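Structure assessment
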Amino acid sequence: MASTVIGTGITIEGEIATDEDLVVAGVVRGKVTAKEAVTIEHGATVEADVQGGSLSIGGSLTGNVVATDRVDLQSGARMIGNVKAARVTIADGAQFKGNVDMDV
Amino acid sequence: MAEATAIIGRATRVQGRVTGEGDLDIQGIVRGEVAVGGEVTVDSGGMVDGNVTGRKLVVRGAVKGDLVGRDVVVLEDGARVVGDVRAPRVAVASGALLRGLVEADPGDASRVPTARDHASVRTPSRDATAPSRAASLQARKPAAKEAAHTGPVASHAAGAVSHETLPSVRGPAAHAPQAVHAASSAAQGGATNHAGARRAPPPVLPSLKRARGQIVKKKER
């Protein structure tokens, strides 16, 4: 289980900085800085630039994303913004608008 | 229990507002306002720099800001709070550190505390503890001031004493020692005030003149 969970119904306006796993099921507006895995669950809304080790996106994300490891856009995800990571996957059914930079 | 639980983990810092429904468990650091519909727990090691609002607040960590509970605020062992505490029910356990005004009023938690509120806590039954009704009437105003002044301390003591019976700690019970304290101190205050009124007020101006004269003398030397 992740150490930090932003549950459904919870809204954070501002900056989240964490050294542990982060799961967002609610709303985050601002900036997210994480070292480990960041999971944006289906139904979650994130309007923030997100930095993390690995990102799994199932909800709605508006903002630029930088991951040291990987970014996975799951089916049903809706993302607007640029992605920068070593590995990026976009599942069939994911909505995405933005640039992808895979460090080639 | 609640529709959602949010956890701000040990290694997490949040800078900004945390709002919404559901419960919130703060083990890390939050710098900003926290206002949720459910239960807020500030765990040991957790820290909040800002006002905290919720249905129930349980504090074992550090809070620098006001705590407002719609139902109850519980400061447990290890809690360090600098700020005002307001809720229908307030419990402060021994081992909790608190600096601020406590307003535990089951009637209306949202009301701004005033000296009159504290005075109105003294019901006629408690007037029996005062030496005479006249004295207590005389001391009504000083009593209000005294009550406002000793409010946090008295509530603190009440909470600490009744820690074992925590769930049953209610506003009136928490108020009772405070009220008695206020009444007795009011009686004392009333007595001294009464005696002071008969005597002439201490001379202020002559002493000023004297002081001036001394200063002048010193200058002359």
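None of the values given here were measured: they were computed from a predicted structure. (Residues numbered from 1 in each chain as written. Chains lettered and ligands numbered in written order. Predicted model: local features only at pLDDT ≥ 70, side-chain atom pairs only at ≥ 80, totals over all residues.)

A word on the overall build of chain B
Broken down by element type, chain B carries 6 helices and 15 strands. Split into buried and exposed, the 221 residues of chain B put 39% on the buried side. (Helix = DSSP H or I, 4+ residues; strand = E, 2+ residues; numbered from the N terminus. Buried ≥ 20, exposed ≤ 12 C-beta atoms within 10 Å, placed from the backbone.)

Some words on the overall build of chain A
Within chain A, the secondary structure is distributed over 0 helices and 13 strands. Across chain A, helices and strands are ordered from the amino to the carboxyl terminus as β-β-β-β-β-β-β-β-β-β-β-β-β. The buried share among the 104 residues of chain A stands at 38%. In chain A, once contacts between residues fewer than 6 apart in sequence are set aside, the share between residues at least 24 apart is 2%. (Contact = placed C-beta atoms within 7 Å.)

Here's the deal with the pairing of strand β8 (residues 52–59) of chain B
The side chains of a regular strand alternate, residue by residue, between the two faces of the sheet. Relative to β8 of chain B, strand β5 (residues 34–36) of chain B runs parallel, the two being bridged by 2 bridges. Directly across from Val34 of chain B, in β8 of chain B, lies its bridge partner Val52 of chain B. (Pairing = 2+ DSSP bridges.)

Remarks on the environment of Val83 of chain A
All names here are of chain A. Relative to the helices and strands, Val83 resides in strand β10 (residues 83–84). The exposure class of Val83 is buried, given the 23 C-beta atoms found within 10 Å. The spatial distance from the C-alpha of Val83 to the C-alpha of Asp101 is 6.0 Å, given a sequence separation of 18 residues. With near-sequence residues (within four places) excluded, Val83 lies in contact with Val65, Val71, Val88, Gly98, Val100 and Asp101.

Side note on the nonpolar core
Core analysis: the largest hydrophobic core is formed by 66 residues, its most contacted members being Val24 and Val28 of chain A together with Val59, Leu67, Val73 and Leu75 of chain B. Looking at which element gives the most residues to this core, the answer is strand β10 (residues 67–75) of chain B, with 6 residues. Discounting chain neighbours no more than four positions away, the residues touching Val73 of chain B are Leu57, Leu67, Val85, Ala87 and Val90 of chain B. (Core = buried A, V, L, I, M, F, W, Y, C linked by C-beta atoms within 7 Å.)

With respect to the confidence of the model for chain B
With 47% of its residues at a pLDDT of 70 or more, chain B shows a mean pLDDT of 68. Confidence drops under a pLDDT of 50 for residues 112–193 of chain B, and excluding neighbours within four residues, the segment shows 113 contacts in the predicted structure. (pLDDT = per-residue confidence, 0-100.)

So, the environment of Thr4 of chain A
Tracing the chain through its elements places Thr4 of chain A in strand β1 (residues 4–6). With 19 residues separating them along the chain, Thr4 of chain A and Val23 of chain A place their C-alpha atoms 6.3 Å apart. Dropping the residues within four chain positions of it, Thr4 of chain A is found in contact with Thr18, Glu20, Asp21 and Leu22 of chain A together with Ile7, Ile8, Gly9 and Thr12 of chain B.

Brief notes about the confidence of the model for chain A
Of the residues in chain A, 98% have a pLDDT of 70 or more, and the chain-wide mean is 93. Across chain A, strand β7 (residues 60–62) of chain A holds the top mean pLDDT of 97, while strand β13 (residues 100–101) of chain A sits lowest at 92.

Some points on the pairing of strand β13 (residues 89–92) of chain B
Residue and element names in this part refer to chain B. Burial along β13 is two-sided: Arg89 and Ala91 and Val90 and Val92, pointing in opposite directions, are all buried. As paired elements, β10 and β13 share 4 bridges and run parallel to each other. Opposite Val74, over in β13, you have Ala91 as the bridge partner.

Overview of the environment of Val46 of chain A
All names here are of chain A. For Val46, the position within the fold is in strand β6 (residues 45–57). Accessibility expressed as a C-beta count within 10 Å gives 26 for Val46, which makes it buried. Each C-alpha atom, one on Val46 and one on Ile57, is 9.9 Å from the other, the two residues being 11 residues apart in sequence. Every residue in contact with Val46, bar those within four places of it in the chain, is listed here: Val24, Val28, Ile40, Gly59, Ser60, Leu61 and Gly63.

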